[in-house]
Amino acid sequence: MMGWGGMGFGWFFGLLNMLLVLALLGLLLYLGLRAWGGGGGPKKDEALEALRLRYARGELDAETYRRLRKELEKRGEA
């Protein structure tokens, strides 16, 4: 005779199995959203990056670089 529950820990393994399935579904959802573009870090400002590259290549002098950088940063805040 098994009694009322069979092995006695059937509910525990059932709960553990359900939590494992939910964790896997959550992981798949997270990875899917991240691959789709929903989970990225902060985006770099492309205009500032282009300005830095132009300055690094020597296309801009220091004064022009500072002036344009201030203008772009001010535009980004507004």
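In what follows, the accompanying structure is described.

## Topic: the overall build of the protein
Link 1 in the chain: On a plain count of helices and strands, the protein comes out with three helices and zero strands.
Link 2 in the chain: Along the protein, from the amino end to the carboxyl end, the secondary structure elements read α-α-α.
Link 3 in the chain: Of all 78 residues assigned to the protein, the portion counted as buried reaches 6%.
Link 4 in the chain: Of the roughly 7,300 Å² of accessible surface on the protein, 65% is carried by carbon and sulfur atoms.

## What about the nonpolar core?
Link 1 in the chain: Membership of the largest hydrophobic core is limited to five residues, which are Leu48, Leu51, Leu60, Tyr65 and Leu72.
Link 2 in the chain: Only helix H2 (46–56) and helix H3 (62–77) provide two or more residues apiece to this core.
Link 3 in the chain: Excluding its chain neighbours within four sequence positions, the residues that come into contact with leucine 51 are Leu60, Tyr65, Leu68, Arg69 and Leu72.

## Side note on a nonpolar patch on the surface
Link 1 in the chain: Taken together, the side chains of Phe9, Trp11, Phe12, Phe13, Leu15, Leu16, Met18, Leu19, Val21, Leu22, Leu25 and Leu28 define a hydrophobic patch exposed on the protein surface, amounting to about 1,300 Å² of accessible area.
Link 2 in the chain: For phenylalanine 12, the location among the structural elements is in helix H1 (residues 10–36).

## Observations concerning the pattern of salt bridges
Link 1 in the chain: Taken as a whole and assessed by the stated rule, the structure comprises five salt bridges.
Link 2 in the chain: For arginine 54, the salt bridge goes to glutamate 59, with nearest N and O atoms at 3.2 Å.
Link 3 in the chain: Relative accessible area serves as the criterion here: at 34%, arginine 54 is assigned to the partly exposed category.
Link 4 in the chain: With its nearest N and O atoms 3.0 Å apart, the salt bridge here joins glutamate 59 to arginine 57.
Link 5 in the chain: Through salt bridges with shared partners, a single network forms among Arg54, Arg57 and Glu59.

## Details of the environment of leucine 72
Link 1 in the chain: In this structure, leucine 72 sits in helix H3.
Link 2 in the chain: Of the residues examined, leucine 72 reaches a relative accessible area of 16% and is grouped as buried.
Link 3 in the chain: Sequence-wise, leucine 72 and alanine 47 are 25 residues apart; in three dimensions their C-alpha atoms are separated by 7.5 Å.
Link 4 in the chain: Apart from residues no more than four positions distant in its own chain, leucine 72 is found in contact with Ala47, Leu48 and Leu51.

The rules behind these values
Residues numbered from 1 in each chain as written. Predicted model: local features only at pLDDT ≥ 70, side-chain atom pairs only at ≥ 80, totals over all residues. Heavy atoms only, no water. Helix = DSSP H or I, 4+ residues; strand = E, 2+ residues; numbered from the N terminus. Buried < 20%, exposed > 50% of the residue type's maximum accessible area, 1.4 Å probe, protein only. Areas by Shrake-Rupley, 256 points an atom, 1.4 Å probe, with all protein chains shown as cover. Core = buried A, V, L, I, M, F, W, Y, C linked by side-chain atoms within 4.5 Å. Contact = heavy atoms within 4.5 Å. Patch = residues over 30% accessible without salt bridge, like charges linked within 9 Å, V, L, I, M, F, W, Y side chains within 5 Å. Salt bridge = Lys/Arg side-chain N within 4 Å of Asp/Glu carboxyl O.

Geometric descriptors of this kind do not, in isolation, establish any biological role.
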